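# Working through the structure, step by step
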Amino acid sequence: MTFAIRPFAASDAAWLISQHADHYARVEGFDQSFALLVERIITDFQADHDPIHEAGWVAHDHCTRLGHIFCVCLDATTAKLRLFYVVEAARGTGVAQALLDTCLRFAKNAGYQSMTLWTHESHVAAGRIYRRNGFARVASKSVHSFGVDLVEETWAITF
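Before going into details, it helps to say that this report is about the structure given with it. Only a predicted model underlies this, so the values are computations on that prediction, with no experimental measurement involved.

### Quick word on the sheet that holds strand S1 (residues 4-7)
Spatially, seven strands are ordered S1-S2-S3-S4-S5-S7-S6 in an open sheet, and the strand pairing comes out mixed. Here the strands that pair on one side only, and so sit at the sheet edges, are S1 and strand S6 (136-145). Neighbour-to-neighbour, the strand axes of this sheet turn through a mean angle of 25°, independent of strand direction. Summarising the sheet, strand S3 (residues 64-73) and strand S4 (residues 78-86) pair through six bridges and their orientation is antiparallel. Bridge assignment links Phe70 to a residue of S4, and that residue is Arg82. Running at roughly 100° to S3, helix H1 (residues 13-28) makes contact with S3, S4 and strand S7 (148-158) of the sheet. Across the face of the sheet, helix H2 (residues 32-48) comes into contact with strand S2 (55-61), S3, S4 and strand S5 (114-120) while running at roughly 125° to S4.

### Concerning the pairing of S3
With seven of its 10 residues buried, S3 lies for the most part within the structure. Bridge count for S2 against S3 is seven bridges, and the pairing is antiparallel. Considered in S3, the bridge of Val58 is made with His68. Hairpin connection from S2 to S3: two residues lie between these consecutive antiparallel strands, with His62 at a positive phi of about 60°.

### Some points on the packing of H1 against H2
The interhelical angle for the contact between H1 and H2, taken along N-to-C directions, is 155°, at an axis separation of 9 Å. Taken as axis vectors, H1 and H2 run roughly antiparallel relative to one another. In this structure, the crossing between H1 and H2 has a hand that is right-handed. Residues Ala13, Leu16, Ile17, His20, Ala21 and Tyr24 of H1 form the contact with H2, whose own contacting residues are Phe34, Ala35, Val38, Glu39, Ile42 and Gln46. For the contact of H1 with H2, the residue count by class is nine nonpolar, two polar and one charged.

About the thresholds
- Residues numbered from 1 in each chain as written.
- Predicted model: local features only at pLDDT ≥ 70, side-chain atom pairs only at ≥ 80, totals over all residues.
- Heavy atoms only, no water.
- Pairing = 2+ DSSP bridges.
- Helix = DSSP H or I, 4+ residues; strand = E, 2+ residues; numbered from the N terminus.
- Axes fitted to C-alpha atoms, helices over the stretch in contact; angles between N-to-C directions.
- Contact = heavy atoms within 4.5 Å.
- Buried < 20%, exposed > 50% of the residue type's maximum accessible area, 1.4 Å probe, protein only.
- Parallel < 35°, antiparallel > 145°, perpendicular 65-115°, else oblique.
- Left-handed = near helix turned anticlockwise from the far one by under 90°.
- Nonpolar A, V, L, I, M, F, W, Y, C, P; charged D, E, K, R; others polar.

This is the structure:
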């Protein structure tokens with residue numbers, strides 16, 4: 001698959017939110033509160049991100065968006081990976097790894113010493129790519145979120 005990675009643009013927001021909402025409702029049974037969370041994250045990013053320390057990227061094949069990822073500031077030394085998603089048709093093609101590489105490189109170049117992320121245990125493929133890239137699961141807990149029972153996970157890496 002041929003693809004490129006470009007910076008996130010405001011025109012990507014509606015697509016990104018609908019991809020998350022549709023996918024996670026269909027695959028995980030998440031309710032509308034998940035889409036509202038994604039929308040808030042994107043709205044906050046657009047309104048108040050520091051372009052020196054925070055960025056988002058979209059993988060695409062010409063006009064077709066394939067996935068996205070964001071790096072935001074958690075604190076002065078820690079970046080947070082957010083909204084990592086690849087459309088089903090592009091999984092297993094290298095898109096996810098390219099997006100993750102872009103995000104990790106940005107975080108290191110921005111001077112962060114570590115990166116953390118939040119996901120769910122049911123996202124097995126995500127756990128595999130995180131582990132393969134040096135992340136370790138540092139916490140997990142059972143919760144009821146987005147209308148379903150889940151196990152939340154926190155993963156981290158030190159640069």
